[in-house]
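Residues per chain are reported as follows:
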Amino acid sequence: MSIELRLVSKVPARAELVGLAVTSDAVDEEPHGLDWKLLRASGFDGSVGQAEIVAGPERAVAVLGLGPAAELGSSAFRQAGAALVRAGARFGSLGADVLDQAGEAVDRAAAAQAFAEGIDLGVYEFMAHKSNGATSKVRSVALVGSGKRISAALDRGQAIARGVNLTRDLVNEPGGSLTPVEFARRAGKVARQGRLAIEVLDLAAIKKARLGGVLGVNRGSTQQPRFVRMTYKPSGRAQGHLALVGKGITFDAGGLSIKTSAGMMTMKSDKAGASAVLGAMAAIAELGPRIRVSAFMPLTDNMLGGDATRPGDVLKMRNKKTVEVLNTDAEGRLILADALSLASEAKPDAIIDLATLTGACVVALGDRYAGLMGTDGTGWLEQVAAAGERTGERVWRLPLPAEYRPQLDSNVADIKNIGGSNGGGALTAGLFLKEFVVEGIPWAHVDIAGPAFSDTPFEEHPKGATGFGVRLLVDLIENFQKPVGE
Ligand code: BES
Ligand code: MN
Ligand code: ZN
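What you are looking at is a predicted structure, and each value in this text was computed from that prediction instead of being measured. Sequence positions are assigned chain by chain, starting from 1 and proceeding in written order. As they are written, the chains are lettered A onward and the ligands numbered 1 onward, keeping that order. pLDDT decides what is reported in this predicted model: residues at 70 or higher carry local features, side-chain atom pairs at 80 or more are listed and counted, and totals for whole chains, interfaces and linings draw on all residues regardless. Side-chain descriptors were evaluated using all non-hydrogen atoms of the structure, hydrogens and water having been removed beforehand.

Draft legend 1. Quick peek at the overall build of the chain. Helical segments are the DSSP runs of H or I of at least four residues, strand segments are the runs of E of at least two, and each set is numbered from the N terminus. A count of helical and extended segments in the chain gives 14 helices and 20 strands. Here the C-alpha atoms of the chain give a radius of gyration of 23 Å, agreeing with the 23 Å that 2.2 N^0.38 yields for 486 residues. Seen along its three principal axes, the alpha-carbon backbone of the chain occupies a region of about 75 × 45 × 45 Å. The classification of residues rests on relative accessible area computed with a 1.4 Å probe and restricted to protein chains. Under 20% of the type maximum is buried, over 50% is exposed, and intermediate values are partly exposed. By residue count, 57% of the 486 residues in the chain fall in the buried class. Only heavy atoms enter the contact rule, under which two residues are in contact if any of them lie within 4.5 Å. Counting contacts in the chain only where the partners sit at least 6 residues apart, residues at least 24 apart contribute 77% of the total. Residue burial considers only the protein chains on display, and all accessible areas are found by Shrake-Rupley using a 1.4 Å probe. With an accessible surface of roughly 19800 Å², the chain has 49% of that area assigned to carbon and sulfur atoms. Two things to know: the radius of gyration comes from C-alpha atoms, and the globule rule equals 2.2 Å times the number of residues to the power 0.38.

Right, here's the structure in full:
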């Protein structure tokens, strides 16, 4: 699943293609002694993510664009790694000499990590249902560089990319085959491989735990729900405890408030939150961070069987609050409510949830930015934003306005599951979730409805699942500081 990546002092003779990087500013200097007439003619200008093959002195060269020197960051190296393996897809053995380009602008280890991530993210193809094998022949990349720090960075990058690719596989797998039971089975595999503790609640256990939200959403389905809890414990004393929560709707048909056929087309991706949480758990099992991490994954599909939850039905949630379900397509918040209650009961130092929660968030921020909401005043949201900044997984702050909270008032229950008709759907969804987080626990909600899935390839991502959130979560965990109140 990972490319064999090793550090070398010189690109070995058997490498069939070598990647050399150049910033767009340096193109005018015609570096590396290449045929720049040809490169220019083919449109190469050093833009980030570009790769163009030309003849070199010893072997073919893939010239990799890093974009403007002034904007150079790890994201350029990640995209260069992906561009190299895509340009060299016909070759088994590649070389790369790119780390000197990091210069002062980027820490060399950060550049190496990002390049390694890009390599494994760039070769990814979802092959589970294709009759012919993978199109990429790339097996190994020899990277010019040396030192323990750089070699550790490559290992880190590959561990993280394995987590992202695991998430992509889960999200890309159709709802008919990646059922809640199958998701839980795969979580069990991750737990065994990573020596993580796991507990899978089946239907009876979910009933016993009174997870009314999960049960309400599952009522229209012939597939049983599952609720997966997983725990990572550091070998030494834990420096903190973080809870991860991920929305795991294995397919969202909308329930009786049925979606349109176009709206349903990509709804196998509605498990992207839980999938990112599982991918991050797989990665940290390899990386060994110093904090305790508990993961909560509520899993069900949202179908419209004969006994499906009807608009107007009232559910009693884990935390005893009652919810009037006026739109069965606002189901994510119902299963997350129970998960956030359980996460709160574990008394962590902070909670973060990831969810493909609202189309409104896509309207607001498009498909490259996730919406970030939650508890103000503890620095927790700033930690999440900083992790997004460092990893290139873009998040943007949105408010949770108290003045919108009355929109959730219900005539018959404690709260209803949709807001009014004046827009702001991402915010009212966030306000709904807030009702289920125990007061005093710093909480971040990341709406990934936009960036989790893409119909077009971009940057280091192919079509389909991006694996968004894994890199952010891993970085957040590794740099975790217990949030302190004001
Ligand atoms: N899973 C969807 C949100 C979604 C939409 C994710 C588009 C990815 C792309 C969610 O369950 C949903 O249907 N939300 C509704 C909420 C509404 C009924 C209040 C929505 O956004 O329309
Ligand atoms: Mn829905
Ligand atoms: Zn949904």
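Draft legend 2. Up close: the coordination of the zinc ion (ligand 3). Protein coordination of the zinc ion (ligand 3) is provided by Lys-247 (NZ), Asp-252 (OD), Asp-270 (OD) and Glu-331 (OE), with donor distances spanning 2.0 to 2.4 Å. In this listing, donors mean N, O and S atoms no farther than 2.8 Å from the metal, or 3.2 Å for Na, K and Ca; water is missing from the atoms, so a site can look incomplete. Think of it this way: with four donors and all angles in the 85 to 135 degree range, the site is tetrahedral; with four or six donors, opposite ones beyond 155 degrees and the rest between 65 and 115, it is square planar or octahedral; otherwise it is irregular. Each of the 6 donor atoms bound to the zinc ion (ligand 3) contributes to angles spanning 78 to 175 degrees, and the resulting shape is octahedral. All donors of the zinc ion (ligand 3) come from a single chain, and their spacing in sequence reads K-x4-D-x17-D-x60-E. Taken as a pair, the zinc ion (ligand 3) and the manganese ion (ligand 2) lie 3.1 Å from each other and share Asp-252 as a ligand.

Draft legend 3. View of the site of ligand 1. Put simply, a residue is near a molecule or strand once any heavy atom of it comes within 4 Å of that molecule or strand. In the neighbourhood of ligand 1, 15 residues make up the surrounding shell, with Lys-259, Asp-270, Asp-329, Glu-331 and Gly-359 lying closest. A distance of 2.9 Å separates an oxygen atom of ligand 1 from a polar side-chain atom of Asp-329. Against a free-state accessible area of 510 Å², the protein chains account for coverage of 75% of ligand 1. Residues are grouped as follows: Ala, Val, Leu, Ile, Met, Phe, Trp, Tyr, Cys and Pro are nonpolar; Asp, Glu, Lys and Arg are charged; all remaining types, including Gly, are polar. For the shell around ligand 1, the residue count by class is 4 nonpolar, 4 polar and 7 charged. Under the rule applied, a polar contact is a pair of N or O atoms within 3.5 Å (in protein, one hydrogen donor and one hydrogen acceptor; residues adjacent in sequence only if both atoms are side-chain atoms).

Draft legend 4. Expanded view of the sheet that holds strand β3 (residues 51–54). Whether two strands pair depends on DSSP finding at least two bridges between them. One open sheet accounts for 6 strands, arranged β1-β6-β5-β2-β4-β3; its pairing is mixed. Both outer strands of the open sheet, β1 (4–8) and β3, are each paired with one neighbouring strand and no more. On average, adjacent strands in this sheet sit at an angle of 25 degrees to one another, irrespective of strand direction. Of the pairings in the sheet, the one linking strand β2 (residues 17–22) to strand β4 (residues 60–65) comprises 6 bridges and is parallel in character. The convention used is that axes are lines fitted to C-alpha atoms, helices contributing only their stretch in contact, and that angles between N-to-C directions extend from 0 to 180 degrees.

Draft legend 5. How the structure looks around helix α2 (residues 74–87). Given the number of residues in a helix, its expected span is that number minus one, multiplied by 1.5 Å. End to end, α2 covers 20 Å across 14 residues, agreeing with the expected 20 Å (1.5 Å per residue, within 8%). Burial of α2 is extensive: 12 of the 14 residues sit out of reach of the surface. For α2, the set of buried residues is Ser-74, Ala-76, Phe-77, Arg-78, Gln-79, Ala-80, Gly-81, Ala-82, Ala-83, Leu-84, Val-85 and Ala-87.

Draft legend 6. Representation of the side chain of Gln-113. With respect to the helices, strands and loops of the structure, Gln-113 is situated in helix α3 (residues 108–123). At 3.1 Å, the side chain of Gln-113 and the side chain of Arg-156 are in polar contact. Gln-113 has contacts with Ala-153, Arg-156, Gly-157 and Ile-160, leaving out every residue within four places of it along the chain.

Draft legend 7. Fine view of the coordination of the manganese ion (ligand 2). Distances from the manganese ion (ligand 2) to its protein donors, namely Asp-252 (OD), Asp-329 (O), Asp-329 (OD) and Glu-331 (OE), fall within the range 2.1 to 2.2 Å. Viewed at the metal, the 6 donor atoms of the manganese ion (ligand 2) are separated by angles of 70 to 168 degrees, and the geometry they form is irregular. For the manganese ion (ligand 2), all donor residues lie on one chain, and their spacing in sequence is D-x76-D-x1-E. Residue Asp-252 is classed as buried on the basis of its relative accessible area, which comes to 3%. The class of Glu-331 is buried, set by a relative accessible area of 1%.

Draft legend 8. Focus on a nonpolar patch on the surface. A cluster of nonpolar side chains, Leu-256, Ile-258 and Leu-304, forms an exposed patch at the surface whose accessible area comes to about 250 Å². Tracing the backbone through its elements, the reader meets Leu-304 in the loop between β11 (292–302) and β12 (314–316). Of the residues examined, Leu-304 reaches a relative accessible area of 36% and is grouped as partly exposed. To count toward a patch, a residue needs a relative accessible area over 30% and no salt bridge; like charges are then connected within 9 Å, while nonpolar side chains (Val, Leu, Ile, Met, Phe, Trp, Tyr) are connected within 5 Å. A side-chain nitrogen of Lys or Arg and a carboxyl oxygen of Asp or Glu constitute a salt bridge if their distance falls within 4 Å.

Draft legend 9. Highlighting the pattern of salt bridges. Tallied over the full model, the rule gives 27 salt bridges. Among the ionic pairs, Asp-475 bridges to Arg-390, the shortest N-O distance being 2.6 Å. Here Asp-475, found in helix α14 (residues 470–478), pairs with Arg-390, found in helix α12 (residues 380–391); they are 85 residues apart in sequence, far enough to count as distant. Here Asp-475 falls in the buried class, since its relative accessible area comes to 14%. Take Arg-390: its relative accessible area is 41%, and that puts it in the partly exposed class. Because the salt bridges share partners, they merge into one network encompassing Arg-78, Glu-117, Glu-460 and Arg-471.

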